[in-house]
Amino acid sequence: MIQFRKSDIVVDGVRVQVLEAGPRSGGGKPLVYFHGAGAMRGFDELLPLAEQHRLIVPIHPGFGGSDDDLTINSVLDYVVHYASLFDQLELAEPVDLVGHSLGGWIASLFAVFHGHRVRRLVLACPAGLRVPEHPSTDLFMVPPETLPSYLVEAPAMLAKLSSGEVTVEMRIARYREMTSLARVIWERSYEPKLSRWLKRIAVPTLILWGEQDRVIPVQQARQWADRLASEAQITTFDGVGHLVFIETQGAAKRVESFLNGGG
Amino acid sequence: MSVLDRLQFYLMHFMPYPDVVPDRPQGQWVDIPNTHFDPEKGHQLYKNYIDELVLGDALGYDALVVNEHHSTFYSLMPSCSIIAGALIARTRQAKICVFGTPITLTYPHRLAEEYAMLDVMSGGRLECAFPLGTGMEYWVNPLNPATARERFRESMDVLMQAWTQPGPTRWDGEFYHYKYLNPFPLPYQKPHPKIYIVGSGTEDTVQYAAEKGFGYSQVFTPIAAQLRSFENYRATAARHGHTPDSESIIISAIPYVAESEAKAIEEARDHILFYFRNLLRTGDQMNTPPGYLPVDRLRKRLEAGVFQSSEITWEALTSVYRTVLGTPEQVAERIAFWCEQAQSSKIVVHLHTGDMPHWKAVKNITLFAEEVIPRLRRKLSPKLKAAE
């Protein structure tokens with residue numbers, strides 16, 4: 001059973017945690033995963049991707065086991081952070097980049113500004129696009145007790161997410177992550193210029209979406225695909241909500257086949 | 001010299017809209033359907049409330065205080081400057097206190113202009129307090145709670161530069177850039193009207209007020225916690241070379257005066273309970289948007305169980321808030337005790353509370369002015385004299 005190794009690195013003066021896992025034989029091409037706006041649950045659902053790849057999950061400043069960076073107050077600041085982090089991890093060759101939700105927004109901007117560092121791009125229900133006819137839910141407005149029902153679709157998964165005691169420490173950790181999220185997206189949960197900028201993305205791109213996503217509607221998938229310079233593939237999953245990698249193993253499998261050059 | 005020798009009475013009004021929407025555990029804020037507002041009722045309330053404050057001026061209160069909240073039945077004052085303008089035209093003596101517009105909800109130069117107008121119009125009667133705004137304001141204004149404290153500091157720096165440095169000047173900040181910072185008019189009082197910072201006890205706000213030499217006032221937090229904040233404020237101010245006097249700290253109270261204690265309780269108790277149970281009540285999510293509280297402050301609140309909402313009882317309320325219902329004698333004695341306890345000579349009194357009808361507010365404002373204030377000023381209370 002593959003497991004993550006945790007290590008701390010200092011990027012531009014801020015300590016961040018990096019999870020890594022890879023094939024037992026060593027090696028594997030790097031696959032970097034930008035997570036969404038919650039890093040407390042861990043990312044074990046991604047471990048199948050580590051069977052063939054050197055899987056790298058850096059935790060954003062202000063989330064999970066990383067320190068706060070109070071100089072970050074825009075998604076672009078995260079892009080700058082990740083350019084430095086890539087340098088520090090000596091990721092000189094283009095990498096496969098996967099981003100989920102907020103991480104998809106960061107990944108798309110990273111590909112806009114640092115396209116030469118990305119081999120293939122996967123955007124899983126990415127945030128950041130303004131689609132007036134299918135608007136995203138403003139997560140800040142969702143009461144904490146009903147949040148799980150927005151995140152996942154399958155009843156069994158919902159029961160799992162909603163179970164267990166909510167301790168003071170958990171509430172504080174969640175408040176801290178929501179604070180970090182608010183610093184970058186409270187004013188608006190989209191980047192008005194993103195649709196203009198996306199045409200800079202020319203690398204092969206896969207778009208994944210849960211068909212029952214209540215946070216960012218699946219109808220936005222086509223809008224993303226239409227704006228990229230490259231031909232994008234779209235794969236959607238029936239019976240799946242916003243936490244697409246947690247809800248179906250099919251998501252990681254689809255990523256694997258796409259990165260291997262499969263259609 | 002005792003703080004009682006220089007007592008000043010600040011008559012404050014929240015101007016609530018008392019026809020609350022029932023069955024709302026999350027309170028009367030943010031997402032309260034505004035279709036419940038009746039403009040004719042609102043018109044009458046503005047008349048009554050402004051009359052009550054104007055009466056305060058005639059009866060010799062040192063100051064009239066108004067403040068600001070948004071999208072809530074708690075307050076009919078989404079712009080306290082407008083009420084202040086109306087009060088200036090109808091009053092002669094009392095200071096007019098805007099306690100106040102959260103500076104982050106507007107452009108800082110614009111607030112500098114508006115407050116300067118009020119100070120000049122009133123011939124130098126203005127005092128200003130600057131709150132961060134409740135958490136609820138951030139849901140109904142396009143403003144980020146997670147960066148609000150940084151924006152607040154910069155906004156205050158802009159306002160102070162606008163008021164104290166000969167204009168035009170230039171400003172290059174994180175949040176604002178001014179090519180010509182050049183407000184006109186400038187305040188009547190020099191260098192500027194008295195400034196307070198309003199807080200809820202968050203340590204860095206107390207520190208900020210003390211470092212800058214601003215006054216400090218705390219709203220609706222338990223008395224013991226307030227007293228600790230005041231100590232912290234005085235110590236920090238001293239370290240920064242300021243010597244805060246008893247006028248630098250404002251305390252607040254809810255008194256009701258009547259012929260007997262029983263009558264005071266009968267006439268006022270339910271209105272005060274109404275205020276705490278209906279108007280002040282909010283939900284955890286609404287009053288604590290992300291980033292509004294520093295994480296260590298949230299930890300203290302969670303550990304103290306502040307967020308466990310329960311029905312507010314009279315006993316619980318009076319043990320943590322300065323509330324006194326009684327005869328002039330009883331009220332005067334209690335207020336003297338509170339001022340000495342906090343070493344404050346300025347006391348904000350809320351004499352209209354909750355859904356109190358106009359006649360009771362007029363009675364309370366009149367009796368407090370005619371029977372309580374003279375007792376405190378001239379120390380007519382035999383018990384107080386004996387205590388000297």
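Description of the structure in this document. (Residues numbered from 1 in each chain as written. Chains lettered and ligands numbered in written order. Predicted model: local features only at pLDDT ≥ 70, side-chain atom pairs only at ≥ 80, totals over all residues.)

Let's shift gears to the overall build of chain B. Scanning chain B from N- to C-terminus turns up 14 helices and eleven strands. For chain B, the C-alpha radius of gyration of 20 Å lies close to 21 Å, the compact-globule estimate for 388 residues. The buried share of chain B, taken over its 388 residues, is 47%. Pairs at least 24 apart in sequence give 74% of the contacts found in chain B among residues at least 6 apart. (Helix = DSSP H or I, 4+ residues; strand = E, 2+ residues; numbered from the N terminus. Rg over C-alpha atoms; globule rule 2.2 N^0.38 Å. Buried ≥ 20, exposed ≤ 12 C-beta atoms within 10 Å, placed from the backbone. Contact = placed C-beta atoms within 7 Å.)

What follows is about the overall build of chain A. Looking only at helices and strands, one finds nine helices and eight strands in chain A. The globule rule puts the C-alpha radius of gyration for 263 residues at 18 Å, and the 17 Å found for chain A is close to it. With 263 residues in all, chain A has 45% of them scored as buried. Across chain A, the fraction of contacts at a sequence separation of at least 24, relative to all contacts at a separation of at least 6, is 72%.

What follows covers the interface of chain B and chain A. Facing 14 residues of chain B, the contacting portion of chain A comprises 16 residues. The biggest single contributor to the side of chain B that touches chain A is helix α10 (residues 295-303) of chain B, with five residues. Residue classes in the side of chain B that touches chain A are distributed as eight nonpolar, four polar and two charged. (Nonpolar A, V, L, I, M, F, W, Y, C, P; charged D, E, K, R; others polar.)

A few words now on the sheet that holds strand β7 (residues 205-210) of chain A. Residue and element names in this part refer to chain A. Strand order across the open sheet formed by eight strands is β1-β2-β4-β3-β5-β6-β7-β8, with mixed pairing between neighbours. One side of each edge strand has no neighbouring strand; the edge strands of this open sheet are β1 (5-11) and β8 (232-237). The average angle at which neighbouring strand axes cross in this sheet is 20 degrees, direction not considered. Of the strand pairs in this sheet, β7 and β8 are connected by six bridges, and their pairing is parallel. Bridged to Leu206 within β8 is Gln233. Strands β3 (29-34), β5 (95-100) and β6 (118-124) of the sheet are contacted by helix α2 (residues 102-113), whose axis makes an angle of about 145 degrees with β5. (Pairing = 2+ DSSP bridges. Axes fitted to C-alpha atoms, helices over the stretch in contact; angles between N-to-C directions.)

Our focus in this paragraph is the packing of helix α1 (residues 39-58) of chain B against helix α13 (residues 358-377) of chain B. The description of two helices packed together rests on the angle between their axes and the distance between the axes. Residue and element names in this part refer to chain B. Running from N to C, α1 and α13 point in directions that differ by 10 degrees, and their axes come no closer than 10 Å. In terms of axis orientation, α1 runs roughly parallel to α13. Along its contact with α1, which presents Asn48, Glu52, Leu55 and Gly56, the element α13 presents His358, Ala361, Val362 and Ile365. Taken together, the residues of the contact of α1 with α13 sort by class into four nonpolar, three polar and one charged. (Parallel < 35°, antiparallel > 145°, perpendicular 65-115°, else oblique.)

Residue and element names in this part refer to chain A. With respect to the secondary-structure elements, Thr71 resides in the loop between β4 (53-58) and α1 (75-88). Residue Thr71 is classed as partly exposed on the basis of its C-beta count, with 13 C-beta atoms lying within 10 Å. The sequence separation of Thr71 and Ser163 amounts to 92 residues, and the corresponding C-alpha distance is 35 Å.

The two faces of a sheet get side chains in turn, since along a regular strand they alternate between them. Residue and element names in this part refer to chain B. Along strand β1 (residues 8-13), five of the six residues are buried, which leaves the element largely enclosed by surrounding structure. The pairing of β1 with strand β2 (residues 63-66) spans four bridges and is parallel. Following the sheet pairing, Tyr10 is matched in β2 by Ala63.

This paragraph deals with the packing of helix α6 (residues 203-212) of chain B against helix α7 (residues 223-239) of chain B. All names here are of chain B. Between α6 and α7, the least distance of the axes is 8 Å, while the angle of their chain directions is 35 degrees. By crossing handedness, the relation of α6 to α7 is classed as right-handed. For the pair α6 and α7, the contacting residues are Val206, Gln207, Ala209, Ala210 and Glu211 in the first and Ser229, Asn232, Tyr233, Thr236 and Ala237 in the second. Residue classes in the contact of α6 with α7 are distributed as five nonpolar, four polar and one charged. (Left-handed = near helix turned anticlockwise from the far one by under 90°.)

Here we take up helix α8 (residues 261-279) of chain B. All names here are of chain B. With 19 residues, α8 should cover 27 Å at 1.5 Å per step; its first-to-last C-alpha distance of 25 Å lies within 8% of that length. The largest bend in α8 comes to about 40 degrees, at Ala268. For α8, the full list of buried residues reads Ala264, Glu267, Ala268, Ile272, Tyr275, Phe276, Asn278 and Leu279. Buried positions along α8 lie against β9 (249-257), α11 (314-320), β10 (323-326) and α13. (Expected span 1.5 Å × (residues − 1). Bend = angle between axes of the 7 residues up to and from the residue.)

All names here are of chain B. Residues Gly167 and Pro168 are joined by a peptide bond in cis, for which omega reads 0 degrees. Mapped onto the elements of the fold, Pro168 is located in the loop between α5 (148-164) and β5 (169-172). The peptide bond linking Lys190 to Pro191 adopts the cis configuration, its omega dihedral lying at 0 degrees. Considering the arrangement of structural elements, one finds Pro191 in the loop between β6 (177-181) and β7 (194-199).

Within the largest apolar cluster, 180 residues are counted, with the highest numbers of intra-cluster contacts made by Ile106 of chain A together with Tyr10, Leu11, Leu64, Val65 and Val349 of chain B. Setting aside anything within four residues of it in sequence, one finds Ile106 of chain A in contact with Phe34, Val75, Tyr78, Val79, Tyr82 and Gly99 of chain A. (Core = buried A, V, L, I, M, F, W, Y, C linked by C-beta atoms within 7 Å.)

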